[in-house]
Amino acid sequence: MRIKRLTVAPARQRGAALVVGLSFLAMLSLMGVAAYMVANQEERMSGNTRDRIRAFEAAEASLRDCESLLGGFGTLPTFNGSNGMYEAPAFGDPQIYETINWLTGSVRVIPQVGGAPAIPDVAIQPRCIIERIGEIERRDLSGARSMPQEVIIETIYRISSTGFGTNTSTTSNLQTMFRRQ
C-alpha cells in the first residue's frame, strides 16, 4: 500500500508582522534617544547651576574678607592702589571695579589657610577691591531734641568682589557699601 502525500501549497506571506515589529522598534529607539537627550541636558543645567552657586559663594566670601579689613577698631590700610585698596575716582569718571583686570590687576585675594586654597573647588581664587568714596556728616538724634546734637563723621567705602566657579568662565560679581566712624 502506497501512501499518498498531500502537498499543500503555502499561502503567500505578506510580511505584515515584520513591518509592524520594525515600526515599534523604531518608535522605541526614538523615545530612548529623546529620554537620553533630556536627561543629559538636565544634568548639564544642574551642573551649571551648581557652578554659578559656587562662584556666588566665593564672591561673597571675598566680600566678607574685605569687609573684615574695615570692620575692626584697628588701623586702616593705606588707599594707594596696592593690594586692592583705592581712592574712588571722581563722579562721572570710569569706576575702578569696571576697568580693573580682575585676574592680573592690583586686587586682594583671600589668603591661603595653612598652604591650602581658602576656597576649594574653584578655578581661580576670589578677589576683591575696596574704594574709599568719601566722608559724610551724620547727626546723632538719640538724645533729646532740645540739646545740641553731636556730629559724627563717617567714611563710606565701596567693596567689589568677583568669584569664579570650577569653570573660569563662570563668574559672579558682588558689591556692597560700607560705612565706618
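Above this text sits the structure in question.
Residues numbered from 1 in each chain as written. Predicted model: local features only at pLDDT ≥ 70, side-chain atom pairs only at ≥ 80, totals over all residues. Heavy atoms only, no water.

1. With respect to helix α1 (residues 16-71)
Along an α-helix, residues three or four positions apart point the same way, because every turn accommodates 3.6 residues.
Right, so step 1: For α1, which comprises 56 residues, the first-to-last C-alpha distance of 82 Å matches the rise-based estimate of 82 Å (1.5 Å per residue) to within 8%.
Right, so step 2: Taken together, the buried residues of α1 touch β2 (108-109), β3 (127-139), β4 (151-164) and β5 (171-180). (Helix = DSSP H or I, 4+ residues; strand = E, 2+ residues; numbered from the N terminus. Expected span 1.5 Å × (residues − 1). Contact = heavy atoms within 4.5 Å.)

2. Some words on the nonpolar core
Right, so step 1: Counting residues in hydrophobic clusters, the biggest one holds 12 residues: Ala59, Leu63, Cys66, Leu70, Phe79, Met85, Cys128, Ile130, Tyr157, Ile159, Leu174 and Phe178.
Right, so step 2: Those elements giving two or more residues to this core turn out to be α1, β3, β4 and β5.
Right, so step 3: Top contributing element to this core by residue count: α1, with 4 residues.
Right, so step 4: Within the second largest apolar cluster, 6 residues are counted, among which are Ile96, Ile100, Trp102 and Val107. (Core = buried A, V, L, I, M, F, W, Y, C linked by side-chain atoms within 4.5 Å. Buried < 20%, exposed > 50% of the residue type's maximum accessible area, 1.4 Å probe, protein only.)

3. Things to note about the pairing of β5
Right, so step 1: Both β4 and β5 contribute to a ladder of 10 bridges, which runs antiparallel. Each residue of the ladder has a partner; that of Phe164, found in β5, is Thr171.
Right, so step 2: If you look at the hairpin formed by β4 and β5, you'll find 6 residues sitting between the two strands. (Pairing = 2+ DSSP bridges.)

4. Structural notes on the pairing of β3
Right, so step 1: Summarising the sheet, strand β1 (residues 85-87) and β3 pair through 3 bridges and their orientation is parallel. Across the sheet, Met85 pairs through a bridge with Ile130, a residue of β3.
Right, so step 2: Across 2 bridges, β2 lies against β3 in antiparallel orientation. Across the sheet, Val109 pairs through a bridge with Arg127, a residue of β3.

5. Re the packing of aromatic side chains
Right, so step 1: Evaluation of the coordinates by the stated rule reveals 1 aromatic pair.
Right, so step 2: Between Phe79 and Tyr157, the ring centres sit 5.6 Å apart and the planes meet at 25°, which makes this aromatic pair stacked. Here Phe79 is found in the loop between α1 and β1, whereas its partner Tyr157 is found in strand β4, with 78 residues between them in sequence.
Right, so step 3: We classify Tyr157 as buried; its relative accessible area is 1%. (Phe/Tyr/Trp six-rings, centres within 6.5 Å; stacked < 30°, edge-to-face > 60°.)

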